[in-house]
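# Observations on chain architecture
Now for the letters of each chain:
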Amino acid sequence: MSVLAKESVQAIADTAGISLKDEIANALVQDVEYRLREIIHEAGKFMRHAKRQKLHSDDINYALRVRNVEPLYGWESGKSSRFNLITQGTQQIYYVEDQELDLEDILNAPLPPVPLEVTYTAHWLAIDGVQPAIVQNPTPAELQERKLKPATAAPAPAEQISAPVSISGEAPAETLVKAVLTKELQIYYEKVTEAVTSGSEELRSLAVESISKDPGIQPLLPYLIQFIAEQVTQNMRKLDITHSMMRLIRAILHNNNLFVEPYLHQLIPNILTCIVAKRLCADPATDDHWTLRTYAAKLISYICNQYGATYQSLQPRITKTLLRAFLDPLKPLSTNYGAIVGLAALGPEAVRVLLLPNVKAFGDRIQDDLNAMEDDGPQAVRKMEAEKCREALVGTVADHIRRDMEERRNSGQLVTEGDALLEEVRSSYGFLAHSIWHELYPSANGLR
Amino acid sequence: MAAEGRHSQEHSDRLVAAYLKTRGYRHTEAFFRKEANLPLSEGSLDSGLHQRHEASVPDYILFYNEAEASNPNAYERGYSRLRKWVDDSIDKYKVELRGILFPIFVHAYLDLIVRELRDQAKHFMELFRVDHSELHGQDIARLSAILEPQHVSENDLAQNFRSNRYGLRMSRYSFELLLSFLQDNNFMLLLRIVNEHISILVVSTEPENGEDGLEKDQTIGLVGQSVHQLEDFNRQQLALGTLPPDMPFLTEIERKIKEEAPPDAGELLEELEKVKLEATADSPAITLPAKKLIDVPAAIKSLRETRNRVQLSSTALPSICCYTFHNSSSSLQSLTLSPDASMVSGGFADSFIRLWDITGADTKTSKSGFKGEQGAQSSRRLVGHGGPVYGTSFSSDRRYLVSCSEDRTARLWSLDTFSNVACYKGHNYPVWDVDFSSQGWYFATASHDRTARLWSCDHIYPLRVFVGHLSDVDIVRFHPNCSYLLTGSNDRTARLWDVQKGTCVRIFKGHQGAVQTLAFSPDGRTVASSGEDHNIILWDISSGKRIKTMAGHTGVVHSLCFSKDGSVLASGGGDNTVRIWDAKRAEVRELGVKRDVTHSIAQDSMSHLGTYPTKRTPIYNVQFTGTNIMMALGAFQSEG
């Protein structure tokens, strides 16, 4: 029951040159513990009245004075004392390091900086019972954080750290991360990051698989996300790296043991980059960056399906970005392609509302590129890109028409077929109508 | 009746004889046996213990079975049997019976310690402490440190248990069940504890139907009063009305308004008429210094504020202005807003008080005499105390400030000259809190020495000393009509004291932790209390009964305040939030509606109107201004 060990009492007695018998030490240890508890209880009152949640050494001194015990005289450093462990044979003794200071040194040391004046700021915590969203009030994200992880020093995203600093103005910038990662986790992190960026396909697959299954890597998550963001921005032209980053994201999303939601807003920009970036490879003519775009598009659609219900604004934001990339005629065709596959991946509704009305205009835009004759130089690359866009668009539209027909058939509605359908396709999709028809009925001999 | 009396008498005679025999007083025994045939004087053992409601255990058990007493495991066996019996009893009585386990546990442990059965005591504590750690965690932690008989006599908590009876409410049937259980099984040790240290108040024949195990309702606990007295105690007549209007002063105000004729003169006069009519039937009689002409402008200002007051209700919530104090590095210990919301005083651990002018007026034109040190924020330092300043309070006319400190003194400061005017010595231990009365002149202090004291500014000795709390008095507040004082203490009670008579007139018992903050409603009929246990309790003063308990805070509650119309209660606490509560709405349970399973949740949500978190600022003080704007004061906590 007693917290103190009799060895502690004996060790202290030793310092005073007294050696204690076991029984005496036992009796003493009980009394000492009782006295200590009483003093601490008393000191707690001083702490409470100072409206603090942390006991200071001052509080102990006040408690001693109240109990009519001589307080501990001495220099208060303001730092909390650290206990060091010493092993003496089988005994383990903790002691506080008591440095001897030279008075000269203290006298000659430069004066500490003058503490800052206590100042106040005023702000509205609530206006007619509604808390306004201003800098001085905590953000919803902070509150969420506080609820989820009370008291633990979580690795906070950058903006949360900067906000309190900005209101106080002079609070020293804290280190971002207080939570200590175990050595094992650190090694794991190093290995994994090394493996996914390595050249060996086998290593990469293993690393990704491990991430998607391991139950104990939640503490690493912020670091992994950070890593992904860095890699994606630094290695925009290195197709293999970005690709393995996307695979890593997929692994993270698929690991049921990970709680990803707080980090989604950091993940999504990376994925979008891999969908609509202007250039994702060293040589656009030969490298296959299309697969990466499709892969990333699938990831985005997965996220939307998974978290769209919880975060209402998620899908609208993503579609807006994609649609802008699709419609802007100044954007390169590679970006357009990404936008097409991205929107297509978001499901039939997105395709019907956003993609279909714009097919005709887009077809007209790429018409010239498609008809270009040169087999060499930048023009050829552009033609190839246009070809890709057409393929993606045609595939999507054809899929949509097929699905539409299927649905109508199932629900017993009138199905447009044959010539009527052809007419419809032609009027809606203009230049691309031919390809779409061909896609729908490969056996048909083009447009009659 | 007579037969029964004779029977119990014979029984005790036999016990006495047995006792004498075991102790070897053979001659005495022989004498006694001879004399026992003669009638003994009736009621010599009945030393007035049987009072009106008290269902006392027959006193013969004072001479408990020696065989049982010498068995060191008797306590453990007895307690564990009792516990099992309570747990196995049907739900209807279980709630009531469970209340008795804690006092028995404590006293059994203390008995073991006193009899120097250290190992048994340790074992006993280890075995059963989990039963009580939820409701009485702090007490258990302190008691478990007691290991020597000497400690028992030194420890104030143990002494509280030893010298006061622990109060419990119980239905008659449950009480009879308990007694017959203890007697049937011959648990004389436990019976003795029940008889000596517990006072059971039999309330009704049927147990209250409480499924949610609200033990706090049954437990009265340690109050330093017999529970039977407590009921009567809380029935004493009180004069809670407002002070009678000071007619000459009001006429003076009227004259002044007419003379100056401000644009809103008509409205002010209308408001003044309301004040004149406000005398209530139960106004107290208390001598206060007469108002002076100098107070007239302030009175007019407050009339104007009353006129412009925002009406608050559960649907119209207040606006909250938060003042955050930076760079205090946890040495700022208290913050107080002046009644006219123009000044803030802060008590520091470094023994000084700092005053800030928060009106934002230009320092040159400011009448308050502040000199701006950096031009930006004007503040003054008041130096004089010799220890941390735990509390400050402004006089209503804002001309004086009174402060209290660890150095055992209270000091009065003039805010005209910013100097120390008087030093009040009287307490022998740190002074925790101070409060100026609403009319000025008088102030009260609360101290670690378990007393609260009443002072008047012109006397350096206390006018009244209020003694009765069993532990530190943590907070003191004046009733709006200045004739009562309310104190909150570490012994988990709040007490109301009559300023005139100097006696305690109400005891409010129900908190599970120290009562650290209190607030009177403006009409003086209701009081809110809160503290360490994070719950806020509203009490009806005249009946001394609890109105409702409001849960929601997740940290210590530092401050409470009613809005000026009394409809809304605000609280601020160590969990960095300000919360708003409905003070008018009755809880379901109090309306007599049957409790349901969702009771505890409903309790949280029903009266709880809003939560307003700050970034990292524990709220030290909340206060409503005259126009019902809420001010929250707190010191920003830097990380680490």
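What counts, and where the lines are drawn
- Residues numbered from 1 in each chain as written.
- Chains lettered and ligands numbered in written order.
- Predicted model: local features only at pLDDT ≥ 70, side-chain atom pairs only at ≥ 80, totals over all residues.
- Heavy atoms only, no water.
- Helix = DSSP H or I, 4+ residues; strand = E, 2+ residues; numbered from the N terminus.
- Contact = heavy atoms within 4.5 Å.
- Areas by Shrake-Rupley, 256 points an atom, 1.4 Å probe, with all protein chains shown as cover.
- Phe/Tyr/Trp six-rings, centres within 6.5 Å; stacked < 30°, edge-to-face > 60°.
- Buried < 20%, exposed > 50% of the residue type's maximum accessible area, 1.4 Å probe, protein only.
- Lys NZ or Arg CZ within 6 Å of the ring centre and 35° of its normal.
- pLDDT = per-residue confidence, 0-100.
- Pairing = 2+ DSSP bridges.
- Axes fitted to C-alpha atoms, helices over the stretch in contact; angles between N-to-C directions.
- Buried area = accessible area lost by both parts, 1.4 Å probe.
- Salt bridge = Lys/Arg side-chain N within 4 Å of Asp/Glu carboxyl O.
- Polar contact = N/O pair within 3.5 Å; in protein donor to acceptor, adjacent residues only side chain to side chain.
- Nonpolar A, V, L, I, M, F, W, Y, C, P; charged D, E, K, R; others polar.
- Parallel < 35°, antiparallel > 145°, perpendicular 65-115°, else oblique.
- UniProt positions renumbered as here; feature names shortened; annotations may be inferred.
- Patch = residues over 30% accessible without salt bridge, like charges linked within 9 Å, V, L, I, M, F, W, Y side chains within 5 Å.
- Arc of directions from axis to C-beta.
- Left-handed = near helix turned anticlockwise from the far one by under 90°.

Right, let's talk about the overall build of chain B for a bit. Looking only at helices and strands, chain B features 17 helices and 30 strands. Long-range pairs, those at least 24 residues apart, make up 58% of the contacts in chain B between residues at least 6 apart in sequence. Only carbon and sulfur atoms are counted for the fraction: they give 51% of the accessible area of chain B, which is about 27,000 Å².

Another point: the overall build of chain A. What chain A contains, in helices and strands, is 19 helices and three strands. A fraction of 59% describes how many contacts in chain A between residues 6 or more apart in sequence connect residues 24 or more apart. Accessible area for chain A stands at about 26,300 Å²; split by element, carbon and sulfur atoms hold 55% of it.

Further remarks concern the packing of aromatic side chains. The geometry of an aromatic ring pair comes down to the distance between the two centres and the angle between the two planes. Per the counting criterion, the structure on display carries 28 aromatic pairs over all chains. Ring centres of B:Phe443 and B:Trp455 lie 6.2 Å apart, and the angle between their planes is 5°; on these two criteria the pair is classed as stacked. In this pair, B:Phe443 is assigned in strand β14 (residues 442-447) and B:Trp455 in strand β15 (residues 451-456), connecting sequence segments twelve residues apart. Each member of the pair B:Phe443 and B:Trp455 is classed as buried. Taking NZ or CZ as reference, A:Lys51 lies 5.7 Å from the ring centre of B:Tyr620, over its face. Between B:Arg381 and the ring centre of B:Phe352, over which it is positioned, the NZ or CZ distance is 4.7 Å.

Fine structural detail should not be taken from predicted coordinates in areas where pLDDT scores are low. All names here are of chain A. Scored by pLDDT, chain A comes out at a mean of 78, with 88% of its residues at no less than 70. By mean pLDDT, helix α6 (residues 158-168) is the weakest element of chain A at 34, and helix α3 (residues 57-66) is the strongest at 89. Residue range residues 149-178 is modelled with pLDDT below 50. Its contacts to residues more than four positions away, or to other chains, number 34 contacts.

What follows covers the sheet that holds strand β29 (residues 619-624) of chain B. On the basis of which strands lie adjacent, the open sheet formed by four strands has the order β3(A)-β4(B)-β30(B)-β29(B) and mixed pairing. The sheet is open, and its two edges are formed by β3 (119-126) of chain A together with β29 of chain B, each paired on a single side. Strand after strand, the sheet turns through a mean of 20° between neighbouring axes, direction not considered.

With 73 residues of chain B in contact, the opposing surface of chain A contributes 53 residues. Taken over both partners, the interface formed by chain B and chain A buries close to 5,700 Å², and the fraction arising from carbon and sulfur atoms is 52%. Applying the counting rule to chain B against chain A returns seven salt bridges. Linking chain B to chain A there are 28 residue pairs in polar contact (both at pLDDT 80 or more). Every element with two or more residues in the side of chain B that touches chain A is listed here: α7 (118-144), α8 (149-154), β4 (320-326), β5 (332-337), β7 (352-357) and β28 (608-613) of chain B. Broken down by class, the residue content of the side of chain B that touches chain A amounts to 30 nonpolar, 25 polar and 18 charged. As paired strands, β3(A) and β4(B) are joined by seven bridges and run antiparallel to one another.

Residue and element names in this part refer to chain A. Where helix α14 (residues 333-345) contacts helix α15 (residues 348-355), the two axes come as close as 6 Å, and the packing angle between them is 130°. Between α14 and α15, the angle is such that the two are oblique. Every residue of α15 that contacts α14 at Ile 340, Leu 343 and Ala 344 is listed here: Ala 350, Val 351, Leu 354 and Leu 355. Considered class by class, the residues forming the contact of α14 with α15 number seven nonpolar, no polar and no charged.

We now examine the UniProt feature "repeat: WD" (unreviewed entry) in chain B. In the numbering adopted here, UniProt assigns the feature "repeat: WD" (unreviewed entry) to residues 325-366, 382-423, 424-456, 466-507, 508-549 and 550-591 of chain B. Along residues 424-456 of chain B one finds 0% helix and 61% strand; the C-alpha atoms at either end are 10 Å apart.

What follows deals with the sheet that holds strand β9 (residues 389-394) of chain B. Residue and element names in this part refer to chain B. Across the sheet, four strands lie side by side as β9-β10-β11-β12; this open sheet has antiparallel pairing. In this open sheet, the two edge strands, each paired with only one partner strand, are β9 and β12 (419-425). Recorded for the sheet is a direction-independent mean angle of 20° between the axes of neighbouring strands. Of the strand pairs in this sheet, β9 and strand β10 (residues 400-405) are connected by five bridges, and their pairing is antiparallel. The residue of β10 that forms the bridge with Thr 392 is Ser 403.

Looking now at a nonpolar patch on the surface. On the surface, A:Phe83, A:Leu85, A:Tyr94 and A:Val96 cluster together to form a nonpolar patch covering roughly 410 Å² of accessible area. When you line up the elements, A:Phe83 lands in strand β1 (residues 83-88).

Turning next to the environment of A:Ser435. All names here are of chain A. The topology assignment puts Ser 435 in helix α19 (residues 433-440). When the C-alpha atoms of Ser 435 and Ala 398 are compared, they prove to be 9.3 Å apart, with 37 residues separating the residues in sequence. Excluding residues within four positions of it along the chain, Ser 435 makes contact with Arg 390 and Val 394.

What follows deals with the pairing of strand β22 (residues 526-531) of chain B. Residues and elements named next belong to chain B. Here β22 lies mainly inside the structure; six of its six residues are buried. Burial of β22 is two-sided: the residues Thr 526, Ala 528 and Ser 530 facing one way and the residues Val 527, Ser 529 and Gly 531 facing the other way are all buried. Taken together, the five bridges between strand β21 (residues 515-520) and β22 define a ladder with antiparallel strand orientation. Paired with Leu 518 across the bridge in β22 is Ser 529. Hairpin connection of β21 to β22: five residues between the antiparallel strands, including Gly 524 at a positive phi of 75°. Between β22 and strand β23 (residues 536-540), which pair antiparallel one after the other, the connecting turn spans four residues, and His 534 there sits at a positive phi close to 70°.

Right, let's get into the pattern of salt bridges. Throughout the structure, instances matching the rule amount to 48 salt bridges over all chains. In this structure, A:Arg204 engages A:Asp240 in a salt bridge whose closest nitrogen and oxygen atoms are separated by 3.9 Å. Here the residue A:Arg204 occupies a position in helix α8 (residues 201-213), and A:Asp240 occupies one in helix α10 (residues 239-254), the gap between them amounting to 36 residues. We classify A:Arg204 as buried; its relative accessible area is 10%. On the basis of relative accessible area, A:Asp240 is assigned to the partly exposed category, the value being 40%. One salt bridge connects B:Asp449 with B:Arg453, and the closest N-O pair in it is separated by 3.4 Å. A relative accessible area of 15% places B:Asp449 in the buried class.

This paragraph deals with α15(A). Considered for burial, the residues of α15(A) that qualify are A:Ala350, A:Val351 and A:Leu355. Buried residues of α15(A), viewed axially, fall in a sector of 100°; they line one side.

Okay, unusual backbone geometry next. Residue and element names in this part refer to chain B. Even without being glycine, Glu 116 reaches a positive phi, approximately 60°. Tracing the backbone shows Glu 116 in the loop between α6 (101-114) and α7. By relative accessible area, which is 52% here, Glu 116 ends up exposed. In this model, Asn 327 sits at a positive phi of 65°, which is unusual for a non-glycine residue. With respect to the secondary-structure elements, Asn 327 resides in the loop between β4 and β5.

On to the confidence of the model for chain B, then. Residue and element names in this part refer to chain B. Counting all residues, the mean pLDDT for chain B is 79, and 79% of those residues have values of 70 or more. Here residues 362-368 scores under 50 on pLDDT; set against residues more than four positions off or in separate chains, the count is eight contacts. Reported for the predicted complex are a pTM of 0.63 and an ipTM of 0.78.

Moving on: the side chain of B:Thr625. Within the secondary structure layout, B:Thr625 lies in the loop between β29 and β30 (630-635). Filtering out sequence-adjacent residues up to four positions away, B:Thr625 remains in contact with B:Ala341, B:Lys564 and B:Met631.

Residues and elements named next belong to chain A. Where helix α12 (residues 290-307) meets α14, the closest approach of the two axes is 8 Å, and the angle between their N-to-C directions is 35°. Between α12 and α14 the crossing geometry is right-handed. The segment α12 lies against α14, with Trp 290, Arg 293, Thr 294, Ala 297, Lys 298 and Ser 301 engaging Ser 334, Thr 335, Tyr 337, Gly 338, Val 341, Gly 342 and Ala 345. Residues that form the contact of α12 with α14 fall into these classes: five nonpolar, six polar and two charged.

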